[in-house]
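Secondary and tertiary structure notes
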Amino acid sequence: YFVKDERVLELDQMLLSMALRDALTGLAKREVFFSELHREFERAKRHSRPLSLALLDIDHFKRINDDHGHLIGDEALRRVSDLIRLSMREGDLSGRYGGEEFGVVFPETEMNGALLAVERIRQAIEQTPLKMADGSEINLTISCGLATLRDGDEDKLELLDAADQCLLEAKRTGRNRTVCRN
């Protein structure tokens, strides 16, 4: 048999992380996030258990890039990702959904519990400005769309679309807020 030395094991871990994690944010890559969402959706449907999904989008992200440059935009993405990770509960799953969009899956969580968790994330981001080298600060906010699995949802895409529609409504109605599917 083959025994791996410590350096090979470290390399294996690094390669696994590169395959599963977004290089900039450290959150799950989009493909991994979708795979986990699918797994949790199927489990929730099979066992008639609650499941909630939030989509989060950094408000006015293009303006951050345009006004301060893409390196600061990258720093904003890292900051938001770190705050998402720090604000999540054990068992919640987060990933980078798109450019400045993130997703969080809340297994075993009804709307009220998920709303509390999303608001904790939103408030942490709102209360933690990005400090610039010159001492100035950029205030970051996010808009959030939240949906909980319904009996009629037959596919994870229906849940995803519901969260996305709520996110769009949060953007349309003033940003820096959470809109939930009723």
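Preceding this section is the structure that the text describes.
All of the points below concern the structure found in this document.

How each quantity is defined
Residues numbered from 1 in each chain as written. Predicted model: local features only at pLDDT ≥ 70, side-chain atom pairs only at ≥ 80, totals over all residues. Heavy atoms only, no water. Pairing = 2+ DSSP bridges. Helix = DSSP H or I, 4+ residues; strand = E, 2+ residues; numbered from the N terminus. Axes fitted to C-alpha atoms, helices over the stretch in contact; angles between N-to-C directions. Contact = heavy atoms within 4.5 Å. Buried < 20%, exposed > 50% of the residue type's maximum accessible area, 1.4 Å probe, protein only. Salt bridge = Lys/Arg side-chain N within 4 Å of Asp/Glu carboxyl O. 1 Å grid on protein atoms, 1.4 Å probe; cavity = no way out; pocket = protein on both sides within 12 Å on 5 of 7 lines; lining within 4 Å. Points joined across faces, edges and corners; volume = space filled by probe spheres on them.

**Structural notes on the sheet that holds strand 6 (residues 142-148)**
Pairing is mixed across the open sheet formed by five strands, whose spatial order is 2-3-1-6-7. Each end of this open sheet is capped by a strand with a single partner; those strands are strand 2 (93-96) and strand 7 (178-180). The sheet shows a mean angle of 15° between the axes of neighbouring strands, direction not considered. Here strand 6 pairs with strand 7 via three bridges, running parallel. By the bridge assignment for strand 7, Gly-145 is matched with Val-179. Each of strand 1 (51-58), strand 2 and strand 3 (101-107) is contacted by helix 2 (residues 30-47), which is oriented at about 25° to strand 3, the strand it contacts most. Helix 4 (residues 70-87) contacts strand 1, strand 2, strand 3 and strand 6 of the sheet and is inclined by roughly 10° relative to strand 3.

**Quick notes on unusual backbone geometry**
Phi at Arg-175 takes a positive value of approximately 70°, unusual for a residue other than glycine. Mapping Arg-175 onto the fold places it in the loop between helix 6 (156-172) and strand 7. Judged by its relative accessible area of 28%, Arg-175 is partly exposed. The phi torsion at Asn-176 lies on the positive side, around 50°, for a residue other than glycine. With respect to the helices and strands, Asn-176 occurs in the loop between helix 6 and strand 7.

**Overview of the pattern of salt bridges**
Scanning the entire structure with this criterion turns up 18 salt bridges. Where Glu-40 meets Arg-39, a salt bridge forms, and the shortest distance between an N and an O atom there is 3.2 Å. Arg-39 sits in the partly exposed class, given a relative accessible area of 42%. The salt bridge involving Lys-171 is made with Asp-57; its shortest N-O contact spans 2.4 Å. Of the two residues, Lys-171 sits in helix 6 while Asp-57 sits in strand 1, which places them 114 residues apart along the sequence. By relative accessible area, Lys-171 is classed as buried at 16%. Three or more residues joined by partner-sharing salt bridges are found here, namely Glu-36, Arg-39, Glu-40, Arg-43, Arg-49 and Glu-108.

**Quick word on the layout of surface pockets**
By volume, the largest pocket amounts to about 220 Å³. Taken together, 13 residues form the lining of the largest pocket, with Arg-21, Ala-28, Val-32, Leu-93 and Ser-94 sitting closest to its centre. Among the elements that make up the lining of the largest pocket, the one with the highest residue count is helix 2 (three residues). As for the second largest pocket, its lining consists of Ala-44, Lys-45, Ser-48, Arg-49, Pro-50, Leu-51, Glu-110, Thr-148, Leu-149, Arg-150 and Asp-151.

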